[in-house]
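Survey of secondary and tertiary structure
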Amino acid sequence: MPVTHAVRSGPRAPLAALAGAASLALPAAGCGGDPGCGPREAVVDRVIDGDTIVAGGVKIRYLLVNAPEATGGHADCYGGNAAQFNTDLVLGKTVQLDYDVACQDTFGRTLAYATVAGQDVNRLLIERGYACVLHIPPDGDARADELLAVQAAARSARRGLWGACDPIPCN
């Protein structure tokens, strides 16, 4: 059975609790895919980790993606790998950004799908085993099943974190 929400253990706040808080904030932060959420296109200035970048001066968290942590003193299994893959993929490049329902998460990061050189960054991270799906409705409702199927294939093939980590850091 596919998991749609990642739950973390350890000293950090559980992601499930954050998901609940984020869903409570949606009406105030609604964006509905409108370009007013942020830039439609920007050069990536910095990669923070496997699922967060700074592009055009805006901190962007990839929608439907939860990569293992590699910042703030955390070193989850495969976190460094995910951050490096994301860096190689987008740093210094122009990304196209698309938005969903909420403009921002509870941490003030802009939520977006990213594409670079015609490649779907969110999907690639999951497909190659650098991240898990994190679905916090209503954002991602239209793509959750697609990316959960991609995740299932990566898990079956033991790609990336699925073959390297026990326990899986983003489940």
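Residues numbered from 1 in each chain as written. Predicted model: local features only at pLDDT ≥ 70, side-chain atom pairs only at ≥ 80, totals over all residues. Heavy atoms only, no water.

**Overview of the pattern of salt bridges**
Counted only if it meets this: One speaks of a salt bridge when a side-chain nitrogen belonging to Lys or Arg is within 4 Å of a carboxyl oxygen belonging to Asp or Glu. Note on conventions: DSSP H or I runs of at least 4 residues are helices, E runs of at least 2 residues are strands, and numbering of each starts at the N terminus.
Evaluated as defined, the whole model comprises 7 salt bridges. Across the salt bridge formed by Asp120 and Arg143, the nearest N and O atoms sit 2.5 Å from each other. Taken together, the positions of Asp120 in strand β7 (residues 119-120) and Arg143 in the loop between β8 (132-133) and α4 (144-156) put the pair 23 residues apart, joining distant regions of the chain. Between Glu127 and Arg123 there is a salt bridge, and its shortest N-O distance comes to 3.5 Å.

**Some points on the nonpolar core**
Within soluble globular proteins, side chains that are nonpolar generally end up buried alongside one another. This is how the line gets drawn: Residues belong to one nonpolar core when they are buried, are Ala, Val, Leu, Ile, Met, Phe, Trp, Tyr or Cys, and are joined through side-chain atoms within 4.5 Å. Under the scheme applied here, a residue whose accessible area is under 20% of the maximum for its type counts as buried, over 50% as exposed, and between as partly exposed, the area being computed with a 1.4 Å probe on protein chains only. Here, residues are in contact when the closest pair of their heavy atoms is within 4.5 Å.
Judged by nonpolar contacts, the single largest core of 45 residues is most densely connected at Ile53, Tyr62, Val90, Val121, Leu125 and Leu161. Beyond its immediate chain neighbours, meaning those up to four positions away, Leu125 contacts Gly50, Tyr62, Val65, Ala82, Phe85, Tyr130 and Ala131.

**Quick notes on helix α2 (residues 79-90)**
Formally: What a helix is expected to span follows from its residue count: subtract one and scale by 1.5 Å. The arc refers to the directions leading from the helix axis to the C-beta atoms.
Its 12 residues give α2 an end-to-end C-alpha distance of 17 Å, which sits within 8% of 16 Å, the value for a rise of 1.5 Å per residue. Those residues of α2 that fall on the buried side of the exposure criterion are Gly79, Ala82, Ala83, Phe85, Asn86, Leu89 and Val90. For α2, the buried positions fall inside an angular range of 160° around the axis, keeping them on one side. Phi for Gly92, located one or two positions after α2, is positive at around 80°.

**Brief notes about the state of the cysteines**
Spelled out, the test is: Two cysteine sulfur atoms make up a disulfide if the distance between them is within 2.5 Å.
For the structure on display, the rule yields 3 disulfides. Each disulfide pairs two cysteine sulfurs, and for Cys37 the partner residue is Cys103, the sulfurs being separated by 2.3 Å. Taking the sign of the torsion about the S-S bond as the criterion, the disulfide between Cys37 and Cys103, at about -70°, is left-handed. You can see Cys37 sitting in the loop between α1 (15-29) and β1 (41-47) and its partner Cys103 sitting in the loop between β5 (94-98) and β6 (110-116), a full 66 residues away along the chain. In this structure, Cys37 and Cys103 share a single accessibility class: buried.

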